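Chain by chain, the residues:
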Amino acid sequence: MTAIKHALQRDIFTPNDERLLSIVNVCKAGKKKKNCFLCATVTTERPVQVKVVKVKKSDKGDFYKRQIAWALRDLAVVDAKDAVKENPEFDLHFEKIYKWVASSTAEKNAFISCIWKLNQRYLRKKIDFVNVSSQLLEESVPSGENQSVTGGDEEAVDEYQELNAREEQDIEIMMEGCEYAISNAEAFAEKLSRELQVLDGANIQSIMASEKQVNILMKLLDEALKEVDQIELKLSSYEEMLQSVKEQMDQISESNHLIHLSNTNNVKLLSEIEFLVNHMDLAKGHIKALQEGDLASSRGIEACTNAADALLQCMNVALRPGHDMLLAVKQQQQRFGDLREHFARRLASHLNNVFVQQGHDQSSTLAQHSTELTLPNHHPFHRDLLRYAKLMEWLKSTDYGKYEGLTKNYMDYLSRLYEREIKDFFEVAKIKMTGTTKESKKFGLHGSSGKLTGSTSSLNKLSVQSSGNRRSQSSSLLDMGNMSASDLDVADRTKFDKIFEQVLSELEPLCLAEQDFISKFFKLQQHQSIPGAMAETEDLDGGTLSRQHPSGTPLPISSDKDMIRQMMIKIFRCIEPELNNLIALGDKIDSFNSLYMLVKMSHHVWTAQNVDPASFLSTTLGNVLVTVKRNFDKCISNQIRQMEEVKISKKSKVGILPFVAEFEEFAGLAESIFKNAERRGDLDKAYTKLIRGVFVNVEKVASESQKTPRDVVMMENFHHIFATLSRLKISCLEAEKKEAKQKYTDHLQSYVIYSLGQPLEKLNHFFEGVEARVAQGIREEEVSYQLAFNKQELRKVIREYPGKEVKKGLDNLYKKVDKHLCEEENLLQVVWHSMQDEFIRQYKHFEGLIARCYPGSGVTMEFTIQDILDYCSSIAQSH
């Protein structure tokens, strides 16, 4: 082991300036025995670093290599496993637990003892030594001051101290002064010894001289103490004299304090009196204005407003503690209360008279608007009342009961006034929509209220008539010679649209102006909530408009915004039913009017919601919009129902179905109305329902048709639908447009193939038999050997179709197609051209079969492709 220790010191630790202190031969517990060495080392340089190093023999040669090193300060626990019995196992707890088995118990104990000594000497760290014999640790305790971990060498290292820079400099200066110091060390040492003796002598003389100085200093201190005693005696006498002066000054100071306290109290008393006089004294002019001020003139209103503000300031002054106990203050407060009560009563009475007078004045102007579709202007009335806005604010904060009464009276008077104005206004609108008063009665208008009456049967009859008119108008649209009915229908709808827009345009500023006036006059914030002290107690419809005011007055509405809305509902309670009646009338006149109403109403609702989503106008128009949307949906449902109820004549050809033309009319009208509209999504949904209904019912009618072939009905109507969708470019119906085109193309091809089977019927049957034989496996060149399909039979069939006969057959086909197709859609030439192409395709197919199945026979058709083109062209021109 000594040789190994020497080799490790030489090869591994000396190059790293480390000294090897202890070594133990170990292997890992529980694994194959791969021996290695654990080494305890210290660095030769300061500060000393203590490490535990694992050294392993290299696999490639007979030398050792350093594998891993742990700092001793990272060691937490040393576990020797058994403190009594000999056991070579032990654990070292670093960042994780390492389990080792030593080659002998002695080596293990020596290594653990070394670790304990290094910890005690360099780290002073609390490392736990578990299951270690206390005797082993006691033997490791140093017995003397000079004893070290490894003996004298280590102690010598510890006693050695390097020279600092100052010491090195002094030695260099000393050696420069003695040039022979290096060559003759004994002479240099002798010189240093002599200089040391000289310094010792000087030190002794200095000590002897300082003893005399000490004696002199002691004498001076004794004299100073005597002087201090004398000064203390004088100070005691001075203190006795000053004591009497202090007592006199204390008496003077106490007298001055009492005088200052009296002055302070007088100043405070004067300040309190001035505060009460300045804040609780109301000018005589203000008192007179409150008692006798003119509330009808602008100057009187201004004087009363200033006086009311001054009174409110006096009443709301924040009294200091104790003021309310003064008799004068109580009397003044009582006087202020009487003034407030008197003026509030006078103000409420005057404003009630103003409300009543305004109702009479406004009623006198109704006759001027009886024939015009305009609403009376309330701006002058609002302007006159707004002069009292500050007084209303004062009344709201001082006497909420009277403020509440004024609010209720205003709503009562104004609701009756607005009801008369609005009902007359809607009566004029209905008359203008229907043309005359007699016509309005025809549509169910009876009386000045403008309410719609009439039985369900009359409504249904009118709807059938309007739908019949639309069908006749749709047919007239196709007839370019008669446009009067359609022009009249469009003019009526445009007239209705303008009237409905004017109605909404008159109502909107009326409501906004009234709402703005209510907010300003009654001092209600439109965009802020009342403080949380106000709690809801009762609804407006119960006739109460009060809230829980801080003074204790009950209030039912949680915010000013809610109060404004409730007042507007009470004042304009007739707007919503009148609008609904007008909408019902428009729907009776023409169900397509619901399109105009939906767009106009949606725009006005959108505008109102941008201003205030919770306002009366926004809510009312939103409710009416629901009715309009319901009528629009009913219009769409009625159209679909009419499609399903369509019956066609069994004796005449079908042509373009009425509901297809009506869809074209509806789509054209809707696109012009809904251009840039907010409710485009509703129209797109309606389009989807309608087009599906059109598709389904076209196929249904085509299947039921007896006079006109199914393919013709499908082809013409889907061509019309495709043309309509292509012209209108409706983005949500792109898929349906493609479907319509596909159906049109498919049925055109089906009709052409079916029709072309008749002109060359025997020739078709012959070649179908040829193709059947080929399909059964007979070779094409062997078909001519079949008895039924030999060359003679072929020639016989071909002779039956000379050019003249083919032309005659085509002419009959053209006449038959002409009878099937309708003139409105103008598809005759398209169908005839398709038949020409299909006939030529069949001709080429027959020629190909003859060439393949009858090679070298010389059999050909008795007419050529050019003959076919000439026949078709001449037939088309002749008709």
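Residues numbered from 1 in each chain as written. Predicted model: local features only at pLDDT ≥ 70, side-chain atom pairs only at ≥ 80, totals over all residues. Heavy atoms only, no water.

Looking at an unreviewed UniProt entry, one finds the protein chain named Exocyst complex component 1 and attributed to Oryctolagus cuniculus. Taken verbatim from the UniProt record of the protein chain, the Sequence similarities (unreviewed entry) comment is "Belongs to the SEC3 family." (UniProt positions renumbered as here; feature names shortened; annotations may be inferred.)

**Student:** Would you take a moment to explain the overall build of the protein chain for this structure?
**Tutor:** The secondary structure content of the protein chain amounts to 28 helices and 8 strands. Within the span of the protein chain, comprising 879 residues, buried residues form 41% of the whole. Counting only contacts in the protein chain whose residues sit at least 6 apart along the sequence, the fraction spanning at least 24 positions is 68%. Carbon and sulfur atoms make up 52% of the accessible area of the protein chain, which totals about 49,700 Å². (Helix = DSSP H or I, 4+ residues; strand = E, 2+ residues; numbered from the N terminus. Buried < 20%, exposed > 50% of the residue type's maximum accessible area, 1.4 Å probe, protein only. Contact = heavy atoms within 4.5 Å. Areas by Shrake-Rupley, 256 points an atom, 1.4 Å probe, with all protein chains shown as cover.)

**Student:** It is not clear to me how the pairing of strand E3 (residues 50-57) should be interpreted in this structure. Could you clarify?
**Tutor:** Consecutive residues of a regular strand have side chains that alternate between opposite faces of the sheet. Strand direction decides the pairing type here: strand E2 (residues 36-43) and E3, joined by 6 bridges, are antiparallel. Pairing of Thr-41 across the sheet is with Lys-51, part of E3. What sits between the antiparallel neighbours E2 and E3 is a turn of 6 residues. Examined bridge by bridge, E3 and strand E4 (residues 64-71) share 7 bridges and lie antiparallel to one another. Within the sheet, the bridge partner assigned to Lys-56 lies in E4 and is Lys-65. (Pairing = 2+ DSSP bridges.)

**Student:** Got a minute to help me understand the nonpolar core in this structure?
**Tutor:** Nonpolar side chains in soluble globular proteins tend to be buried together. Counting residues in each nonpolar core, the largest one holds 172 residues, and the members touching the most others are Tyr-410, Val-503, Ile-518 and Val-831. Look past the residues within four positions of Val-831 in its chain and what remains in contact with it is Met-715, Leu-748, Tyr-751, Val-752, Val-817 and Leu-821. Judged by nonpolar contacts, the second largest core, of 31 residues, contains Cys-36, Val-42, Val-52 and Val-132. (Core = buried A, V, L, I, M, F, W, Y, C linked by side-chain atoms within 4.5 Å.)

**Student:** I keep staring at the packing of aromatic side chains and nothing clicks. Help me out?
**Tutor:** Each aromatic ring pair is summarised here by two numbers: the centre-to-centre distance and the angle between the ring planes. Counting across every chain of the model gives 31 aromatic pairs. Between the aromatic rings of Tyr-98 and Trp-100, the centroid separation amounts to 6.4 Å while the plane-to-plane angle is 15°, which identifies the pairing as stacked. Across this residue pair, the class does not change: Tyr-98 and Trp-100 are buried. Ring geometry for Tyr-418 versus Phe-572: centroids 4.5 Å apart, planes at 45°, classification tilted. One end of the pair, Tyr-418, is in helix H12 (residues 400-434); the other, Phe-572, is in the loop between helix H16 (560-571) and helix H17 (575-589), with 154 residues separating them in the sequence. (Phe/Tyr/Trp six-rings, centres within 6.5 Å; stacked < 30°, edge-to-face > 60°.)

**Student:** Help me out: how do you make sense of the side chain of Gln-842 in this one?
**Tutor:** In this fold, Gln-842 is placed in helix H27 (residues 828-853). A relative accessible area of 11% means that Gln-842 is categorised as buried. For Gln-842, the residues in contact, after removing those within four places along its chain, are Leu-756 and Asn-764.

**Student:** For this particular structure, what's the right way to read helix H2 (residues 105-123)?
**Tutor:** An α-helical segment advances 3.6 residues per turn. Residues three or four places apart therefore align on the same side. Over its 19 residues, H2 runs 26 Å from end to end, which matches the ideal 27 Å to within 8%, given 1.5 Å per residue. Considered for burial, the residues of H2 that qualify are Thr-105, Glu-107, Lys-108, Phe-111, Ile-112, Ser-113, Cys-114, Ile-115, Trp-116, Leu-118 and Asn-119. Positive phi appears at Arg-124, one or two residues downstream of H2, with a value of about 55°. (Expected span 1.5 Å × (residues − 1).)

**Student:** Please explain the sheet that holds strand E6 (residues 89-93) as it appears in this structure.
**Tutor:** Sheet strands line up and pair through hydrogen bonds in the backbone, either parallel or antiparallel. Spatially, E4-E3-E2-E1-E7-E6-E5-E8 is the arrangement adopted by the 8 strands of the open sheet, whose pairing is mixed. Looking at which strands have only one partner, the edges of the open sheet turn out to be E4 and strand E8 (128-130). Averaged over all neighbouring strand pairs, the angle between strand axes comes to 30°, with direction disregarded. With 8 bridges connecting them, strand E1 (residues 18-28) and E2 associate as antiparallel partners. If you follow Asn-25 over to E2, its bridge partner there is Phe-37. Along the sheet face, helix H1 (residues 2-13) touches E1, E2, E3 and E4 and points at about 115° away from the line of E1. Relative to E1, H2 is tilted by about 140°, and along the sheet it contacts E1, E2, E3, strand E5 (77-79), E6, strand E7 (97-102) and E8. (Axes fitted to C-alpha atoms, helices over the stretch in contact; angles between N-to-C directions.)

**Student:** I keep staring at the environment of Val-797 and nothing clicks. Help me out?
**Tutor:** With respect to the helices and strands, Val-797 occurs in helix H25 (residues 791-799). For Val-797, a relative accessible area of 11% gives the class buried. For Val-797 and Asn-764, which are 33 residues apart along the polypeptide, the C-alpha to C-alpha distance reads 9.9 Å. With sequence-adjacent residues up to four places away left out, Val-797 is seen in contact with Lys-762, Leu-763 and Phe-766.

**Student:** Before we go on, may I ask you to explain unusual backbone geometry in this structure?
**Tutor:** Of note, the bond from Arg-46 into Pro-47 is cis; its omega dihedral lies within 30 degrees of zero at 0°. With respect to the helices, strands and loops of the structure, Pro-47 is situated in the loop between E2 and E3. Of note, Asp-17 is a non-glycine position whose phi angle comes to about 55°, a positive value. Within the chain, Lys-81 stands out as a residue other than glycine whose phi angle is a positive 75°. With respect to the helices, strands and loops of the structure, Lys-81 is situated in the loop between E5 and E6. In this structure Lys-81 comes out as partly exposed when scored by relative accessible area, which is 31%.

**Student:** Hey, could you run me through the packing of helix H18 (residues 593-611) against helix H19 (residues 616-644) in this one?
**Tutor:** Relative orientation and spacing of two packed helices are given, respectively, by the angle between their axes and the distance between those axes. Between H18 and H19, the shortest axis-to-axis distance is 9 Å and the interhelical angle comes to 155°. Of the possible angle classes, the one that applies to H18 and H19 is roughly antiparallel. In this structure, H18 meets H19 at a crossing whose hand is left-handed. Packed against H18, whose contacting residues are Ser-594, Leu-595, Met-597, Leu-598, Met-601, Ser-602, His-604, Val-605, Ala-608 and Gln-609, the element H19 presents Leu-617, Ser-618, Leu-621, Gly-622, Val-624, Leu-625, Val-628, Lys-629, Asn-631, Phe-632 and Cys-635 at the interface. For the contact of H18 with H19, a count of residues per class yields 13 nonpolar, 7 polar and 1 charged. (Parallel < 35°, antiparallel > 145°, perpendicular 65-115°, else oblique. Left-handed = near helix turned anticlockwise from the far one by under 90°. Nonpolar A, V, L, I, M, F, W, Y, C, P; charged D, E, K, R; others polar.)

**Student:** Help me out: how do you make sense of the environment of Val-428 in this one?
**Tutor:** Along the chain, Val-428 turns up in helix H12. Here the alpha-carbon distance between Val-428 and Glu-372, two residues 56 residues apart in the chain, equals 7.1 Å.

**Student:** How should I be thinking about the pattern of salt bridges in this particular structure?
**Tutor:** Oppositely charged side chains can pair when the atoms bearing their charge come close. Evaluated as defined, the whole model comprises 33 salt bridges. Here Lys-408 makes a salt bridge to Asp-412, at a shortest N to O gap of 3.5 Å. Here Lys-408 pairs with Asp-412, and both are found in helix H12, just 4 residues apart, close to one helical turn. Beyond isolated ion pairs, a larger network of salt bridges with shared partners links Glu-341, Arg-345, Asp-399 and Lys-402. (Salt bridge = Lys/Arg side-chain N within 4 Å of Asp/Glu carboxyl O.)

**Student:** Looking at this structure, how should I read H18?
**Tutor:** Between its first and last C-alpha atoms H18 spans 27 Å; for 19 residues at 1.5 Å apiece the expected length is 27 Å, and the two agree. Of all the residues in H18, the buried ones are Asn-593, Ser-594, Leu-595, Tyr-596, Met-597, Leu-598, Val-599, Met-601, Ser-602, His-604, Val-605 and Ala-608.

**Student:** Can you help me understand the environment of Ile-778 in this one?
**Tutor:** For Ile-778, the location among the structural elements is in the loop between helix H24 (761-775) and H25. Those residues in contact with Ile-778 that sit more than four places away from it in its chain are Arg-773, Val-783 and Gln-786.

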